Every structure is written in C-alpha cells, then in structure tokens.
Amino acid sequence: MRQRKKRRRRICAAGMVLFLLIMIFCAFDHGLVTRRYAVSSAKLKNTDPLRLVLLTDLHSCVYGDRQQTLYQRIERERPDLILLGGDIADDVQPLEGALQLVERIAGLAPCYYVPGSHDMWRADYEDVCQRFASMGVTILENAVQPLEIRGQRIVLCGAIDPTVPFQDDPARYGESLQAAFANLHPEDYNILLAHRPDFIAQYASLGFDLVLSGHTHGGQVRIPFLVNGLYAPGQGWFPRYAGGEYRVGETDLIVSRGLSHFPRLPRIFNPPEVVVVNLAAK
C-alpha cells in the first residue's frame, strides 16, 4: 500500500513538473502567429471579401534572413492591402530591419503607413518616411484615401500620432482629427489606421466603421482567460484595449499585439502576430 502511495506521489510530482515546463515553454514561446478576424458590413458589396494584412510595432526586429520568415507569412495571405500601423522603425534599434521588411512587401499589395511614436522620435524621421515612400508605400498623416479594389469601394484614412506634434497640447489632437475627417460620407465604408487605440472614443465619434491600431504590444504579459494584458503605454495597468477585437458604439476596433520581440522585455503568453482582417458584405 505504501509503495503504491509513493508511486502515485511520484507520478503526480512528475506530472506537475511536466505541466509547469509546458506552461513555461508556451509562455515564452516567441514564435510568430497569424491572428484572423472577420468583419462584415451592410455598406460593403456582396463580392469576394477583401483581405487586409495589418502589421504594427515591428521596432526593426528581424525574422530570418532579410525578413524571409515574416515575408513568407504575409505572402501566403495574398493580401489586397498591407497596412503598417506604426512603430515599424524604432528610435533606438538600427533601421535595417524596418527597411528590409518594407522593401520586400511593397510589391505584394498596395501598402499604407501611419507613423507611431517611436518612428517619430527618430532624428531622421522625415528621411525614413521618404525612404518608405520611394519603395512604394503611401504615408497617411491625417489623410483620406478613397480606394476601389475588385469592385469594392472603401475609404482608408490615417491618423497622425499625437506623440510629437501635440505632446504639449493634447487637446489640439482632437481638433486635428475633427478637421481631417469631419467630411467623411456615412454611406462609405470608412477605415481608420491609427497607431494608438487610446482615442477610440474620438475615432468612433467621427463615424469610422473600422479602426485598426497597435501600440499596446498586447499588454506585454497575458494570463489566458484571466488577464488580456498587464500594461500598455497610454492606457496603464490592465488596459481595456490590449489586443483583439472590440465594438465601440457602431465602430469595430481591432488592436494588433505587434511584432516586436526583445529578450530584455519578454512577452508572456503573448506571441508576436500578423493580423489578417477579412472584410465582407453582411
């Protein structure tokens, strides 16, 4: 009897150790994932869905030789649009990783870019934008871009990040958004690419149907089924919009957990991600 109890305890102990090892492996596994969302609207025509690939917060990190791993994952999706949602470059890390990615993906589909805070903190920020543009990327800074793709009309807008131009007077940021997007037509399907999800209430008030953001890095630390994110810049502890899909009034919000991976700032249960959004008629 005692031998059986000892054997059971050993089996239980071994099982616990194995479980903990698996949890640790999963928690710190930085393998790239693809996160998919389906969004529908009565404003969209009953044609084939449009496929958007959203990339945010690369911070010049590298995935394989000349970004081959990341490039292949994007290429497989056959995107209609590639949207760069800010912090593709970084103010500390070398620029090369960002340039490698942009150079490779610019030929896959039309690319649009809104700068993030770390992009704008670079001393050569204007030069970086020019280099991206020379590769075929359209820069959207409080800009409106009507598009027609395979018979589907959408209006793509890009919001400037408030970090640099409005850091001394945040109230003016709302005024700048109002001035840029006040004349959107409600019958159009209006998409906003905005680095920060913090201002979603203002975005929604302007009549956007879909907002695509990043910036949060997924709250850095997640506890599955309990905590969606521990901390995000601009939102603080336990951010409301850490990553995932949300509904704010009549507006759909999708927040990417981003692509950065730095050993000094580990992601826990929070792998870097490529976001794919399929837009279809309701």
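To be clear, the structure that these remarks concern was listed above.
First things first, this report covers the structure right here in the doc. (Residues numbered from 1 in each chain as written. Predicted model: local features only at pLDDT ≥ 70, side-chain atom pairs only at ≥ 80, totals over all residues. Heavy atoms only, no water.)

### Examining the pattern of salt bridges
Item 1. Summed over the entire model, instances satisfying the criterion amount to 11 salt bridges.
Item 2. A salt bridge links Asp209 to Lys43; the nearest nitrogen and oxygen atoms lie 2.9 Å apart. Separated by 166 residues along the polypeptide, Asp209 in the loop between helix H7 (200-205) and strand S9 (210-213) and Lys43 in the loop between strand S1 (33-41) and strand S2 (50-55) bring together distant segments of the chain.
Item 3. Between Arg196 and Asp198 there is a salt bridge, with its nearest N and O atoms 3.8 Å apart.
Item 4. The class of Arg196 is buried, set by a relative accessible area of 14%.
Item 5. Classification of Asp198 as partly exposed rests on a relative accessible area of 24%.
Item 6. In this structure, a network of salt bridges that share partners links the residues Arg36, Arg51 and Glu77. (Salt bridge = Lys/Arg side-chain N within 4 Å of Asp/Glu carboxyl O. Helix = DSSP H or I, 4+ residues; strand = E, 2+ residues; numbered from the N terminus. Buried < 20%, exposed > 50% of the residue type's maximum accessible area, 1.4 Å probe, protein only.)

### A closer look at helix H3 (residues 96-105)
Item 1. Among the 10 residues that make up H3, 8 are buried, leaving the element largely enclosed by the rest of the structure.
Item 2. Every buried residue of H3 is accounted for by Gly97, Ala98, Leu99, Gln100, Leu101, Val102, Arg104 and Ile105.
Item 3. Looking at the buried side of H3, the elements it contacts are S2, helix H2 (68-77), strand S3 (81-84), strand S4 (111-113), helix H5 (125-134) and strand S5 (137-139). (Contact = heavy atoms within 4.5 Å.)

### Notes on the pairing of strand S7 (residues 152-159)
Item 1. Summarising burial for S7: 7 of the 8 residues are buried, a large majority.
Item 2. In terms of strand pairing, strand S6 (residues 143-149) meets S7 through 7 bridges, oriented antiparallel. Residue pairing for S7: Val144 is matched across the bridge by Cys157.
Item 3. Where S6 hands over to S7, the hairpin turn is made up of 2 residues, of which Arg150 adopts a positive phi near 50°.
Item 4. Bridge analysis of S7 against strand S8 (residues 190-194) gives 5 bridges, and the strand direction is parallel. Considered in S8, the bridge of Val155 is made with Asn190. (Pairing = 2+ DSSP bridges.)

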